[in-house]
Amino acid sequence: MSTESRKIRLVMDLRNAGVTDTRVLAAMERIPREKFVEEAFHDQAYANQALPISCGQTISQPLVVGLMTQALEITDRHKILEVGTGSGYQAAILSKLARRVYTIERHRDLMQVAERRFKECNLHNITTLVGDGYKGWPAQAPFDRILVTAAARLVPPELVAQLSDEGGIMVLPVGDVGGLHQEVIRVRKEGTQFQSERLFPVRFVPLVQGLPQDHSAARRAAREREES
Ligand code: SAH
């Protein structure tokens, strides 16, 4: 089967499974998912499944991307924060729907690859940051929408604080880090009022606080100390 017919079948499957927002489906049709997976998985790029990426992480299942994106109720005026860039696929989908996307990833290696893909796909409204997304991006806040693509035990209070209080929406998986009991939650913020709903069960990699240890930098510093 050709890539094009696999893609059409996937989009039909997503619609049958509840992704009914035509803007979301159109964005998923336009972004080439094969560019966001490793070469060994190119033939599975349009299967409805999560796939491994480097640093022990995963690119989410298309159905989960579709449902979470739809749950955000995005318009082309929105400024969106994504936590957990990973392959960059979800950010690419958001970039087709919103005015501007800010995306944070704790693994520098993943971010470098994602940035290259954004360029290749001519996506110029994505701003990236290597850092701890648990803390959000205070300098760019408030955000109309926040999407977290790694599971936290609780809703991170820093992210709630950075959500617009004029109808801001945050969608995130919450639950145990082992991945057995996680649910996508939608939080709506209006003034000082919050309303939260449980949407559907999922399995995400954990949201990890802090940055990965840079062993090469630590070794270099130790060597410099010895030499001096
Ligand atoms: N949205 C991604 C899915 C990535 S999986 C995609 O479309 O491919 C989740 C990602 O969240 C991983 O890359 C992981 O490294 C990252 N992550 C986990 N905790 C984080 C944190 N505190 N800050 C930023 N990124 C984090």
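Values in this document were obtained by computation on a predicted structure and should not be read as measured data. (Residues numbered from 1 in each chain as written. Predicted model: local features only at pLDDT ≥ 70, side-chain atom pairs only at ≥ 80, totals over all residues. Heavy atoms only, no water.)

### As for the pattern of salt bridges
Side chains that carry opposite charge are capable of pairing whenever their charged atoms lie near each other.
Move 1: Using the criterion set out here, one finds six salt bridges in the structure.
Move 2: Here E197 makes a salt bridge to R186, at a shortest N to O gap of 2.9 Å. Of this pair, E197 sits in strand β9 (residues 193-202) while R186 sits in strand β8 (residues 182-190), and the two are eleven residues apart along the sequence.
Move 3: Salt-bridge contacts for R188 lead to E197; the nearest nitrogen and oxygen are separated by 3.6 Å.
Move 4: Using a relative accessible area of 25% as the deciding quantity, one classes R188 as partly exposed.
Move 5: On the accessibility criterion, E197 (25% relative accessible area) is partly exposed.
Move 6: One salt-bridge network, in which partners are shared between bridges, spans E73, R186, R188 and E197. (Salt bridge = Lys/Arg side-chain N within 4 Å of Asp/Glu carboxyl O. Helix = DSSP H or I, 4+ residues; strand = E, 2+ residues; numbered from the N terminus. Buried < 20%, exposed > 50% of the residue type's maximum accessible area, 1.4 Å probe, protein only.)

### Here we look at the nonpolar core
Move 1: F36, M68, Y89, I93 and V171 are the most contacted members of the largest nonpolar core, which has 47 residues in total.
Move 2: Only α1 (3-16), α2 (22-30), α3 (62-71), α4 (89-97), α5 (108-120), β7 (166-175) and β9 provide two or more residues apiece to this core.
Move 3: Core analysis: the second largest hydrophobic core is formed by 20 residues, L81, Y134, F143 and L163 among them. (Core = buried A, V, L, I, M, F, W, Y, C linked by side-chain atoms within 4.5 Å.)

### Description of the packing of aromatic side chains
Move 1: Under the criterion given, the structure shown has three aromatic pairs.
Move 2: Centroid distance F36 to Y89: 5.8 Å. Interplanar angle 65°. Geometry classified as edge-to-face. Of this pair, F36 sits in the loop between α2 and β1 (51-52) while Y89 is found in helix α4, placing the two residues 53 residues apart along the sequence.
Move 3: Its relative accessible area of 2% is what places Y89 among the buried residues.
Move 4: Where Y102 meets W137, the ring centres are 5.3 Å apart and the plane angle is 85°; that geometry is what we call edge-to-face. Pair noted here: Y102 is in strand β4 (residues 100-105) and W137 is in the loop between β5 (126-130) and β6 (145-148), with a separation of 35 residues, a long-range link.
Move 5: Ring-pair connections join several aromatic residues into one group, and the members of that group are Y102, W137 and F143.
Move 6: R33 extends its terminal NZ or CZ atom over the ring of Y89, reaching a point 5.6 Å from the ring centre.
Move 7: Residue placement shows K79 over the ring face of F143; its charged tip is 5.5 Å from the ring centre. (Phe/Tyr/Trp six-rings, centres within 6.5 Å; stacked < 30°, edge-to-face > 60°. Lys NZ or Arg CZ within 6 Å of the ring centre and 35° of its normal.)

### Focus: the sheet that holds β4
Move 1: Within the open sheet, the seven strands sit side by side as β5-β4-β3-β6-β7-β8-β9. Their pairing is mixed. In this open sheet, the two strands that pair with only one neighbour each are β5 and β9. For this sheet, the mean inter-axis angle between neighbouring strands, taken without regard to orientation, is 15°.
Move 2: Here nine bridges tie β8 to β9, and the two strands are oriented antiparallel to one another. By the bridge assignment for β9, E183 is matched with P201.
Move 3: In the packing of α3 onto the sheet, contacts are made with β6, β7, β8 and β9, and the angle to β7 comes to roughly 150°.
Move 4: Each of β4 and β5 touches α5; the most contacted strand, β5, lies at about 165° to it. (Pairing = 2+ DSSP bridges. Axes fitted to C-alpha atoms, helices over the stretch in contact; angles between N-to-C directions. Contact = heavy atoms within 4.5 Å.)

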